[in-house]
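Observations on the three-dimensional arrangement
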Amino acid sequence: MSTETKPVTDINALNEEIAGKSKFVDSLFEEIGHVIVGQNYMVERLLIGLLTNGHVLLEGVPGLAKTLTVKTMADTVKADFQRVQFTPDLLPADLIGTMIYNPKSGEFSPHKGPIFTNIVLADEINRAPPKVQSALLEAMQERQVTIGTETYRLQDPFLVLATQNPIEQEGTYPLPEAQVDRFMLKLHIDYPDRNEERKIMDRMVEGNNLSVKQIITPEDIIRARDIVSRVYMDEKIKDYIVDIVIATRDPERYGLKIKELVEYGASPRATINLALASKAYAFIKRRGYVTPADVKAVGFDVMRHRIILTYEAEAEDITSEEIVKKIFDTIEVP
């Protein structure tokens, strides 16, 4: 792949280590499959978020088991989990907590909100007002929360898994670009196929008590993250990732005629997250090295929400995904 390659023995040793340390992946998928039918794409991307400490935004119409999948995955992890239903009347204090006055001592003491957990499900995140979004922003980026004059560190791991409904308009607040950029991945969840829909109907109509076992612990996740960070990425793969992101900002440099369609290209977070997600994807596939196919596999999820389109593009019904596809089709694969 490159003249500057890692010794084969190192790669083989890393492959063997990953083969041993990634056994929980199959168990995780199998356990989640006891409750969720299909949706392997969603489960796989949620796992990438866990392995890279990256927040995930799930977008899809109601009834596609977004909330159930997140809850089921959280149940397989021996970690604290909180679900917050975002509504137009939600206040920042409802999320992060507030200072409570104690009349006996005459002092204020902090009452921590549901965000003090390992995994927080922000259900219908785009229904909360801007003040709540701002409160969530600090937690997502800095992994800390400020209540009054005190700042508190959040637990590790800390992950925000958020859902939003793309077809609901009334009572919604579009997420600010700065917050959307904090999500490592944005997933588009689609309808199940006919066979999956039949299985869903049979499973749910029978009314069986569906539950899952705990497979991994937060300590297992932190150890797995260390291995993911050591997954080998060739210099040419790194250059490939940088070219993909820069092509969104300077398309003419790569012979792409999309400049009039893109108002703002992807930020450097796209470069960082594309590299991290590619490593995690390789880990899930039991490999100690990243291939161009890994980059393409996670590319749409990392890039689709980081490209701001022009009015011309919106008028022509061109989506950010089409822009990403043109970039992948044009940039030379190493």
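Residues numbered from 1 in each chain as written. Predicted model: local features only at pLDDT ≥ 70, side-chain atom pairs only at ≥ 80, totals over all residues. Heavy atoms only, no water.

Brief notes about the packing of aromatic side chains
The relation between two aromatic rings is expressed through the spacing of the ring centres and the mutual angle of the planes. Under the criterion given, the structure shown has three aromatic pairs. Ring geometry for Phe-24 against Phe-283: centres 6.3 Å apart, planes inclined by 40°, an arrangement best described as tilted. Of this pair, Phe-24 sits in helix H2 (residues 23–32) while Phe-283 sits in helix H11 (residues 268–284), placing them 259 residues apart in sequence. Residues Phe-24 and Phe-283 agree in their burial class; the two are buried. Ring centres of Phe-116 and Tyr-152 lie 6.3 Å apart, and the angle between their planes is 80°; on these two criteria the pair is classed as edge-to-face. On the criterion of sequence distance, the pair formed by Phe-116 in the loop between strand E4 (107–112) and strand E5 (119–123) and Tyr-152 in strand E7 (residues 150–153) is long-range, its members being 36 residues apart. Both residues of the pair, Phe-116 and Tyr-152, count as buried. When the ring centre of Tyr-289 is taken as origin, the NZ or CZ atom of Arg-287, which lies over that ring, is 5.6 Å away. (Phe/Tyr/Trp six-rings, centres within 6.5 Å; stacked < 30°, edge-to-face > 60°. Helix = DSSP H or I, 4+ residues; strand = E, 2+ residues; numbered from the N terminus. Buried < 20%, exposed > 50% of the residue type's maximum accessible area, 1.4 Å probe, protein only. Lys NZ or Arg CZ within 6 Å of the ring centre and 35° of its normal.)

Side note on unusual backbone geometry
Cis geometry marks the peptide bond from Asp-156 to Pro-157, where omega comes out at 5°. With respect to the secondary-structure elements, Pro-157 resides in the loop between E7 and strand E8 (159–164). With phi around 60°, Asn-53 is a residue other than glycine that occupies positive phi space. Mapping Asn-53 onto the fold places it in the loop between helix H3 (40–52) and strand E1 (55–59). Phi at Arg-286 is positive, roughly 70°, even though this residue is not glycine. For Arg-286, the position within the fold is in the loop between H11 and helix H12 (292–303). The class for Arg-286 is partly exposed, based on a relative accessible area of 24%.

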